[in-house]
Amino acid sequence: PDFQNLVMDERLNSKRDLKAMSILALGLMPQGHEEIVPFLMKAMTDRNLDRIVRAQAPIAIGKLHELQEGGSSAALASLGECVNLFQNDKTDLHLKRSLAVAIGMLATMDDPSVLRALYTAVENDSDDQIRHYSMMALAQIGARDANVAQNVNAHTELEKFFDRELTKPKRITHQPYGALGLAVYVRNEGLEGAVERAAEKIAEAFERTNNPSYQGAMAVSLGLLNWNAAEGILWEKFEDSNDQPLRDYIALALGLMRANN
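Residues numbered from 1 in each chain as written. Predicted model: local features only at pLDDT ≥ 70, side-chain atom pairs only at ≥ 80, totals over all residues. Heavy atoms only, no water.

Student: I keep staring at the overall build of the chain and nothing clicks. Help me out?
Tutor: A tally of helices and strands in the chain yields 16 helices and zero strands. Considered along the principal axes of its C-alpha atoms, the chain spans approximately 60 × 45 × 35 Å. Buried positions account for 50% of the 261 residues belonging to the chain. Pairs at least 24 residues apart make up 65% of the contacts formed inside the chain by residues separated by at least 6 positions. Total accessible area computed for the chain in this model is approximately 13400 Å², and 48% of it derives from carbon and sulfur atoms. Across the chain, the centroid of the 27 positively charged side chains sits 6 Å from that of the 36 negatively charged ones. (Helix = DSSP H or I, 4+ residues; strand = E, 2+ residues; numbered from the N terminus. Buried < 20%, exposed > 50% of the residue type's maximum accessible area, 1.4 Å probe, protein only. Contact = heavy atoms within 4.5 Å. Areas by Shrake-Rupley, 256 points an atom, 1.4 Å probe, with all protein chains shown as cover. Lys, Arg positive; Asp, Glu negative; His and termini not counted. Charge placed at Lys NZ, Arg CZ, Asp CG, Glu CD.)

Student: For this particular structure, what's the right way to read the nonpolar core?
Tutor: One broad rule of soluble globular proteins: the nonpolar side chains tend to lie buried together. If you look at the biggest cluster of nonpolar residues, it comprises 76 residues, and the most contacted ones within it are L40, M44, I202, L222 and L234. Setting aside anything within four residues of it in sequence, one finds I202 in contact with L166, A179, L182, A183, M218, S221, L222 and L225. (Core = buried A, V, L, I, M, F, W, Y, C linked by side-chain atoms within 4.5 Å.)

Student: Could you clarify how one ought to interpret a negative patch on the surface in this entry?
Tutor: Where like charges cluster on the molecular surface, the negative patch consists of E196, E200, E204, E207, E236, E239 and D240. Of all the secondary structure elements, the ones that give two or more residues to the negative patch are α13 (194-208) and α15 (231-240). Top contributing element to the negative patch by residue count: α13, with four residues. Mapped onto the elements of the fold, D240 is located in helix α15. (Patch = residues over 30% accessible without salt bridge, like charges linked within 9 Å, V, L, I, M, F, W, Y side chains within 5 Å. Salt bridge = Lys/Arg side-chain N within 4 Å of Asp/Glu carboxyl O.)

Student: Help me out: how do you make sense of the environment of S14 in this one?
Tutor: Checked against the element boundaries, S14 lands in the loop between α1 (2-8) and α2 (16-26). Taking the C-alpha atoms as reference points, S14 and D50, 36 residues apart in sequence, are found 9.2 Å from one another.

Student: Can you walk me through the pattern of salt bridges in this structure?
Tutor: Opposite charge on two side chains lets them pair, provided their charged atoms get close. Within the structure shown, the criterion is met by 10 salt bridges. A salt bridge links D127 to R97; the shortest N-O distance between them is 2.8 Å. Of this pair, D127 sits in the loop between α9 (112-124) and α10 (128-143) while R97 is found in helix α8 (residues 93-106), placing the two residues 30 residues apart along the sequence. With respect to burial, D127 and R97 carry one shared label: buried. In this structure, the salt-bridge partner of E157 is R116, at a minimum N-O distance of 2.6 Å. Within this pair, whereas E157 is found in helix α11 (residues 152-167), its partner R116 is found in helix α9, the two being separated by 41 residues in sequence. Classification of E157 by relative accessible area gives partly exposed; the value is 35%.

Student: Can you walk me through helix α7 (residues 79-87) in this structure?
Tutor: Count 3.6 residues to each turn of an α-helix, and residues three or four apart come out pointing the same way. Residues of α7 that are buried: L79, C82, V83, L85 and F86. Along the axis of α7, the buried residues cluster in a sector spanning 160°; they form a single face. (Arc of directions from axis to C-beta.)

Student: I would appreciate a short explanation of unusual backbone geometry in the present structure.
Tutor: A negative phi angle characterises most non-glycine residues, just as the trans form characterises most peptide bonds. A positive phi angle, near 55°, is found at N226, a position not held by glycine. Even without glycine at this site, R258 takes up a positive phi of about 60°. Relative to the helices and strands, R258 resides in the segment after α16 (244-256).

Student: Would you explain α16 in this entry?
Tutor: Here α16 spans 18 Å end to end across 13 residues, near enough to the 18 Å set by a 1.5 Å rise per residue. Among the residues making up α16, those that are buried are L246, I250, A253 and L254. Looking down the long axis of α16, one finds its buried residues gathered within 95° of arc, a one-sided arrangement. For α16, the elements touching its buried residues are α13, α14 (212-224) and α15. Backbone nitrogen of L246 and a side-chain oxygen of the N-cap are separated by 2.9 Å at the start of α16; the cap is D243. (Expected span 1.5 Å × (residues − 1). Polar contact = N/O pair within 3.5 Å; in protein donor to acceptor, adjacent residues only side chain to side chain.)

Student: What am I meant to see in the side chain of S22 here?
Tutor: Within the fold, S22 resides in helix α2. With a relative accessible area of 2%, S22 lands in the buried category. In this structure S22 touches F3, L6 and V7, once residues within four positions along its chain are discounted.

Student: What's the story with the environment of E69 in this structure? I'm lost.
Tutor: Summarising the element assignment, E69 is placed in the loop between α5 (56-67) and α6 (73-76). The class for E69 is exposed, based on a relative accessible area of 81%.

Student: Sorry, what's going on with the packing of helix α3 (residues 33-44) against α5 here?
Tutor: What describes two packed helices is the angle between their axes and the distance between those same axes. Running from N to C, α3 and α5 cross one another at 160°; their axes reach a closest spacing of 9 Å. Put simply, α3 runs roughly antiparallel to α5. In this structure, the crossing between α3 and α5 has a hand that is left-handed. Across the interface between the two elements, H33, I36, V37, L40, M41 and M44 from α3 touch A57, P58, A60, I61 and L64 from α5. Residue composition of the contact of α3 with α5, by class: 10 nonpolar, one polar and no charged. (Axes fitted to C-alpha atoms, helices over the stretch in contact; angles between N-to-C directions. Parallel < 35°, antiparallel > 145°, perpendicular 65-115°, else oblique. Left-handed = near helix turned anticlockwise from the far one by under 90°. Nonpolar A, V, L, I, M, F, W, Y, C, P; charged D, E, K, R; others polar.)

If you want it as structure tokens, here you go:
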């Protein structure tokens, strides 16, 4: 109740950070989800609240679900309404971005309508961040699926999606997120042979692109996959490049691989 009061107290409207942190704090509560989730859903569409404050509510709901052992039934029950808001063209931009993240925390591979909403956002949304967050949401959903054998078709589509976004994206800015998303997704232990397929494609893309920012994302992706076969090309680029951010990302990737040269 104290955090809820802080959020709704109009005398504190100038304290945007305080209100935002109060909402995020509600997302860390181990109990009382049946009361917290409806409050957060109402806060999302409360125009009396600052848009940055409202945008914290989906993240808080996602956290309630992630941090609760076995998930939060109250948080999960909000998924349908979150998806509806995400697909609504009138939804505030900041809120929509957060909804993409929250859907990635809540949804499962056996809900095709939710997956389709994210695919559609990647394909059609005009906002770069919404498209990128939707890609990473899809990666999260696929990575934690414990029933790969029951969702074979959905996984086949998802792997092809990331393959396309990495190798032949309609928007070239999707390429680094295609690499990162693919690396996150294929760490699902139920995906037989997926790590090898993904790592080889990411390594090929790393060598093919001249964009150091994209190479940095691909290097980190190879690190996440612990793909030691790529150590050679990473060391070579590290030694030859004058781009300090790229060298930093390559160093991170080599550290993730426990590389010792």
